[in-house]
Structure formats: structure tokens, C-alpha cells
Amino acid sequence: MIFTTAAVLGATLGTASGILTLCGLSLICRSCKKGKLESGDDADPEKAKPSVLHSSEQFSVEKSTEPIQPRTLLKFPKIYKPKPSVTSSEVISYPDHASEKGGEPSPEGPSTEPDAGNQATDSSDTFTILRQDSKDETPCARDLTNGITTSSSILHPKLHFSLTYYTDQNELHITVIEAEHLCVGSGCEGYVAGVLSFAAGQREAQTSSRRLTSHTRWEEGLVFSLPGGYEVEGEVALSLHSCDRFSQNTNLGVMRFKLVDVGMMSNADCWVDLQPPKQQDIQSAGELLLSISYLPAANRLGVVVMKARGLQSDKLKDSIDLSVKLALKHQTTKLKKKQTRRVKHKMNPVWNEMMMLEVPRELLSKSSLDLEVLNQAGPGEQESLGRCQLGLQASNTGLQHWQQMLDNPRKQIAMWHPLYD
């Protein structure tokens with residue numbers, strides 16, 4: 001009995017000591033493993049494996065009551081400026097322009113300015129009028145603002161003369177000295193004509209013809225006889241005329257003074273601006289409505305042939321087949337020709353066609369437009385009904401329309417033009 005009790009007690013104590021031993025060994029192993037892990041984390045923190053114990057250290061979240069402003073990703077767009085366009089020599093051949101620049105023009109660059117006002121409407125006869133340095137040294141192309149010739153920068157021809165009245169001979173002597181600021185084509189000749197008008201009638205005299213340049217000298221005298229003296233009612237008109245190789249006489253300007261002013265003007269040098277001549281009282285053959293504009297950035301001249309009215313009916317008896325022919329001229333040389341479509345069976349035809357022409361802005365003052373209304377009378381037979389001209393060398397509405405175009409670039413300006421045979 002005692003032996004049995006001792007055996008049971010020994011077995012129980014052995015089991016308890018074994019369990020305690022195992023627990024102690026387990027705790028020792030865990031502590032050793034934990035120490036190795038901590039030493040490894042200290043040596044290479046990047047290779048440390050994530051653990052739940054380090055979650056508070058890995059994620060740090062701060063609460064804030066301020067609203068979050070989104071960051072914009074938009075940027076201000078770049079602004080591309082238009083490149084300057086160069087007129088192509090294939091479109092228009094300007095021999096004078098090429099020689100002045102000392103070389104041939106470069107190929108045409110892309111046009112960056114839209115062609116404003118490409119469509120002309122027939123509902124109204126007028127448009128609402130919503131203009132860098134010139135290298136041309138001629139007086140007509142001097143630039144005073146931004147490289148575009150304006151009507152205020154156009155220099156009219158000036159005449160230099162002197163006059164003397166001889167009382168013993170009752171004669172008025174006018175000495176024509178020189179003229180300047182002349183804008184004419186090459187090969188033109190010119191002269192100064194004087195007309196004395198008074199109660200007894202008219203007397204005329206003129207100088208000899210000289211080759212016209214921007215500055216031309218005559219130093220010639222005009223003699224007028226005044227039997228009753230100069231203190232009578234009358235006037236003297238001095239006009240400058242040019243004549244080209246086709247014998248076409250053009251009045252470049254005129255000035256007038258009264259005979260009673262001779263005493264004040266005697267023995268004095270006079271410089272006067274010649275004014276455009278008055279419109280002659282000639283019955284027109286009809287009217288043509290045109291709209292023109294100039295685009296400086298693209299060097300383009302836009303011409304809208306809109307409509308015509310009042311055409312002479314006696315020339316339209318057999319057939320009515322009307323068109324308009326346009327010619328661009330540089331001084332006296334024709335450079336480009338265009339023609340509208342034909343309109344049949346209408347006495348007041350409407351075309352509304354735009355024609356674009358390449359014209360460098362420095363040559364714009366020397367260029368002009370000639371327009372002619374034609375009737376197709378038969379196969380290969382065209383009859384002219386009337387002509388009109390636009391440019392600084394033109395007169396009346398042709399000159400006025402061109403000046404308004406120069407003063408208002410990129411604007412469509414419409415005007416009626418009378419047609420003459």
C-alpha cells in the first residue's frame with residue numbers, strides 16, 4: 001500500500017516537472033527567436049516583413065477639418081503668331097520690284113489671315129466699314145504710319161512757278177520752273193499748259209514736252225497779253241499733263257488764281273499743290289458696283305464685282321450676255337487678267353464674284369485696276385459697254401475708292417463707278 005502510494009506520487013511529480021520543463025524550454029525558444037528578429041530588423045529595415053505589431057508605425061493618418069482644394073492640371077495655351085507671307089513671283093511678275101530688291105522673291109508662305117468678306121450680298125449697295133516700313137522711295141509710296149500707304153500720306157504733285165506783269169507791254173509772264181512728287185509710269189512725257197480766261201475770250205500757251213520723273217524741270221515761260229491790265233475779272237489755270245507711249249493724255253492736276261491777285265503774286269516764287277481736275281460733264285454708259293479690300297498680312301487685294309445698272313440699251317438689241325473683265329496694272333504694264341461668268345437676258349446683271357490678286361503692299365500705290373463691261377454679241381465677238389479705273393492715278397470715284405481702301409485695311413468698301421466708252 002505504501003509502495004503503491006509512493007509510486008503514484010512519484011509519477012505525478014515527474015509528470016508535473018516534465019510539463020514545467022517543457023514550458024520553460026518553450027519560453028526560452030520564443031525569447032531567442034524574438035531577439036534574432038529584432039536584431040535582423042535593426043540591421044536591414046527595408047527587408048523587414050510587415051507585422052501587426054508595427055501597423056501603428058507604418059500608417060500615420062492625421063485628421064483635418066480644412067477642405068481639400070483640387071490641383072488644376074490645365075495650362076495656359078501657347079499663342080502662335082502668324083508668319084509673314086512672301087509674294088510668289090509665279091503669281092505676279094513685278095520686274096521693277098525684283099530689281100529694286102536686288103533678287104527674286106521667295107516662294108509664297110502660308111497665308112495666316114482669313115479672307116474677310118469673301119461673299120458679297122445683293123441686298124445692300126454699301127458695306128459697313130468696321131490698316132509695317134515701306135521700302136519704295138517714290139513720293140507716292142511714302143509711309144507715315146505702319147507700312148501701309150494712307151490717303152493722308154499721298155503727296156500730290158507740286159508745281160513751282162513765278163509770274164511777273166510788265167505794265168509797259170501789258171503782258172503777263174509766267175515762268176514754269178519745276179514740278180515734283182510726280183507718280184507716273186516709265187517712258188511718259190509731260191508738259192504744263194496755261195489757260196487765261198477773261199471777258200475777251202481765252203488764250204492758251206504751253207511748255208515743251210519733257211521726260212517725266214519724280215522731279216522734272218522746265219524753266220520755260222508762258223506769255224499772255226492783257227490789253228486792259230490785270231485788274232479785270234478773269235482767272236489763270238495751270239495744269240500738268242502726261243502722255244504715255246500710246247498717246248493717252250492724262251491731266252495730273254490743276255491750279256487756278258484770279259487776275260486781281262497778280263499784283264500780290266508778282267515777282268515771287270510760288271509752290272502750289274495741284275488738285276485733281278474736275279469731273280468732265282460726260283454722259284456715262286452705266287454704273288458698276290464694286291467692293292474692294294486689302295489684306296496687309298497676306299498681301300492680297302480682294303475685288304468683288306457685284307452688279308451693274310443703267311447700261312445703254314441701244315447696244316443690247318440682239319443679245320444680252322454680259323460679263324466683266326478685270327486687269328491689274330503696275331504703272332503701264334498689265335500683270336493679271338480675270339473675268340467673271342456671263343449673265344444672260346438681264347439688263348441689270350448681278351455677279352457677286354470675288355477675285356483675289358497678289359499685290360505687295362509697297363507696290364500698292366503704283367498699281368491700278370481697269371474694269372470693262374463686255375457683251376457677247378456673237379461667237380468670238382465681244383462688245384465693250386464701258387470702262388472704269390481704280391487707283392491713285394485715277395480720278396473722281398476711282399481715286400476716292402482707292403484712298404478709302406488704303407485708309408481701312410481688311411474692310412470691304414463698296415462704291416458705284418460710272419462707266420465711260
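Reading the values: rules and limits
Residues numbered from 1 in each chain as written. Predicted model: local features only at pLDDT ≥ 70, side-chain atom pairs only at ≥ 80, totals over all residues. Heavy atoms only, no water. Buried < 20%, exposed > 50% of the residue type's maximum accessible area, 1.4 Å probe, protein only. Helix = DSSP H or I, 4+ residues; strand = E, 2+ residues; numbered from the N terminus. Contact = heavy atoms within 4.5 Å. Salt bridge = Lys/Arg side-chain N within 4 Å of Asp/Glu carboxyl O. Phe/Tyr/Trp six-rings, centres within 6.5 Å; stacked < 30°, edge-to-face > 60°. Lys NZ or Arg CZ within 6 Å of the ring centre and 35° of its normal. Core = buried A, V, L, I, M, F, W, Y, C linked by side-chain atoms within 4.5 Å. pLDDT = per-residue confidence, 0-100. Patch = residues over 30% accessible without salt bridge, like charges linked within 9 Å, V, L, I, M, F, W, Y side chains within 5 Å. Areas by Shrake-Rupley, 256 points an atom, 1.4 Å probe, with all protein chains shown as cover. Pairing = 2+ DSSP bridges. Axes fitted to C-alpha atoms, helices over the stretch in contact; angles between N-to-C directions.

Remarks on helix α5 (residues 397-407)
Along α5, the positions that sit buried rather than exposed are Gly398, Leu399, His401, Trp402, Gln403, Met405 and Leu406. Where α5 is buried, its residues meet β10 (287-295), β11 (300-309), β16 (367-378), β17 (381-391) and β18 (413-418).

Observations regarding the environment of glutamate 358
Relative to the helices and strands, glutamate 358 resides in strand β15 (residues 350-358). For the pair glutamate 358 and leucine 301, spaced 57 residues apart in sequence, the C-alpha separation works out to 6.3 Å.

Considerations on the pattern of salt bridges
Note that side chains of opposite charge can pair when their charged atoms are close. On inspection of all chains with the given rule, the structure shows twelve salt bridges. Close ionic contact of glutamate 220 with arginine 210 constitutes a salt bridge, the shortest N to O distance being 2.9 Å. Placement of glutamate 220 in strand β6 (residues 215-225) and of arginine 210 in strand β5 (residues 210-211) is noted, with a sequence separation of ten residues between them. In this structure arginine 210 comes out as partly exposed when scored by relative accessible area, which is 31%. Residue arginine 300 is joined to glutamate 358 by a salt bridge in which the shortest nitrogen-to-oxygen separation is 3.6 Å. In this pair, arginine 300 is assigned in strand β11 and glutamate 358 in strand β15, connecting sequence segments 58 residues apart. Taking the relative accessible area as the measure of exposure, glutamate 358 reaches 7% and is therefore buried.

Brief notes about the packing of aromatic side chains
Two aromatic rings, taken as a pair, are described by how far apart their centres are and by the angle between their planes. In this structure the tally under the stated criterion is two aromatic pairs. Relative to phenylalanine 257, the ring of phenylalanine 161 has its centre 6.3 Å away and its plane inclined at 15°; by these criteria the two rings are stacked. With a gap of 96 residues between them, phenylalanine 161 in strand β1 (residues 158-166) and phenylalanine 257 in strand β8 (residues 249-258) connect regions that are remote in the sequence. Residue class for phenylalanine 161 comes out buried when judged on its relative accessible area of 0%. With centroids separated by 5.0 Å and ring planes inclined at 80°, the aromatic side chains of tyrosine 165 and tyrosine 230 adopt a geometry described as edge-to-face. Separated by 65 residues along the polypeptide, tyrosine 165 in strand β1 and tyrosine 230 in the loop between β6 and β7 (234-243) bring together distant segments of the chain. Looking at tyrosine 165, the relative accessible area reads 12%, which means it is buried. Arginine 309 extends its terminal NZ or CZ atom over the ring of tryptophan 416, reaching a point 3.8 Å from the ring centre.

Focus on the nonpolar core
The biggest cluster of nonpolar side chains holds 33 residues, and the ones touching the most others in it are Leu288, Leu301, Leu369, Leu371 and Trp402. Listed by contribution, the elements that provide at least two residues to this core are β10, β11, β12 (321-330), β15, β16, β17 and α5. Contacts of leucine 288, omitting those with residues within four sequence positions, involve Val305, Lys307, Ala308, Val324, Trp351, Leu371, Val373, Cys388, Met415, Trp416, His417 and Leu419. Of all hydrophobic cores here, the second largest spans 30 residues; its members include Ile174, Val184, Trp218 and Cys270.

Remarks on the confidence of the model for the protein chain
Summary statistics for the protein chain give a mean pLDDT of 74 and a share of 65% for residues scoring 70 or more. Across the protein chain, the element-wise mean pLDDT spans from 45 in helix α3 (residues 95-101) up to 95 in β11. Below a pLDDT of 50 lies the segment residues 45-57, which in the model reaches three contacts outside its immediate sequence neighbourhood of four places, other chains included. Per-residue pLDDT stays below 50 along residues 80-149; that stretch engages in 139 contacts with residues further than four places along the chain or on separate chains.

Observations regarding a nonpolar patch on the surface
Residues Leu22, Leu25 and Ile28 make up a contiguous nonpolar surface patch of about 310 Å² in total accessible area. Take leucine 25: it is sitting in helix α1 (residues 2-43). Looking at leucine 25, the relative accessible area reads 47%, which means it is partly exposed.

Regarding the sheet that holds β15
The strand order across the open sheet formed by four strands is β15-β11-β10-β18, and the pairing between neighbours is antiparallel. Every other strand in the sheet has two partners, leaving β15 and β18 as the edge strands with one partner each. Strand-to-strand twist of the sheet, defined as the mean angle between neighbouring strand axes without regard to direction, takes the value 25°. Pairing geometry for β11 and β15, over seven bridges, is antiparallel.

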